Amino acid sequence: MNDAIMNILHRITLGSLIAGGLFVLPASCQEPVAERQPIPVSEDSTFLTGTFFLVRHGESFPGYDTTLTPDGQCQAGALARLLRDSAIDKIYFTHFKRAIDTADSLRLALRTDTVFYNADSSGESLLYELTRHNDWGKRILVIGHRPALLPILRSLKATPPVDSVPENAYDELFTVYKKGNTVSCNVKIF
């Protein structure tokens, strides 16, 4: 073999030994590793900010995972008409058919991206997905279920404007505005 090939093989072998941890360079030959500095959350940070529209899914047939009734489809249409000019960036909903059906009209009309979140009693799954998808600071529609709406509002640090969501209430739209430490929440019947 000629010297050029031998030199290349020597470099490859030495590089493999170093990369595999079998050969350690003396400390004086190693590049210093920069210490990671935490990034403080400042007032202009978008983390934990945004506009959130929260609504219960439309009326559905009895059962665990059912579709919308004709009235529920009308409620979903009314929601779509109400929010069509709201500049929704993304729609979050659970894996249940009734939540997906409620989102469909608006999703198709706006050609908006969607994300599933797990229905839970604390709102943590929604916060996790918002963070994972880098959706803080955006305008988000959340379609949820009656038992979870108020806990989701609380997880967003909003004070719910009502004490409970009635069993037959499918037409309440909660809007949460979050900027820095300022949070406001209101409810609108549609």
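Please refer to the structure placed before this passage.
Residue numbers here run from 1 along each chain, matching the order of that chain's written sequence. In keeping with the model being predicted, local features are shown solely for residues with a pLDDT of at least 70 and side-chain atom pairs are shown and tallied solely at 80 or more, while totals for entire chains, interfaces and linings include all residues. Hydrogens and water molecules were not included; the side-chain quantities draw on all heavy atoms of the structure.

A. Here's a closer look at the overall build of the protein. Each helix is a run of DSSP H or I of at least 4 residues and each strand a run of E of at least 2, with the numbering of both proceeding from the N terminus. A tally of helices and strands in the protein yields five helices and six strands. Contacts in the protein between residues far apart in sequence, at least 24 positions, make up 61% of those at least 6 positions apart. Surface accessibility in these figures is a Shrake-Rupley result with a 1.4 Å probe; residues are shielded only by whichever protein chains are displayed. Approximately 11,900 Å² of the protein is accessible, and the part contributed by carbon and sulfur atoms is 54%. Contact between two residues is taken to exist if any of their heavy atoms lie within 4.5 Å; hydrogens are not considered.

B. Layout of the pairing of strand 5 (residues 172-179). With six of eight residues buried, strand 5 is to be regarded as a mostly interior element. At least two DSSP bridges between two strands are required for those strands to pair. Bridge analysis of strand 1 (residues 50-56) against strand 5 gives six bridges, and the strand direction is antiparallel. Residue Leu54 lies in a different strand from strand 5, and its bridge partner there is Phe174. Two elements, strand 5 and strand 6 (residues 182-189), share eight bridges in a ladder whose sense is antiparallel. Among the inter-strand pairings, Val176 is bridged to a residue of strand 6, identified as Cys185. Accessible area is worked out with a 1.4 Å probe on protein chains only. A residue is then buried under 20% of its type maximum, exposed over 50%, and partly exposed in between.

C. Geometry of the environment of Ala99. Relative to the elements of secondary structure, Ala99 occurs in helix 3 (residues 97-110). On the basis of relative accessible area, Ala99 is assigned to the buried category, the value being 0%. For Ala99, the residues in contact, after removing those within four places along its chain, are His57, Phe93, Thr94, Ile143 and His145.

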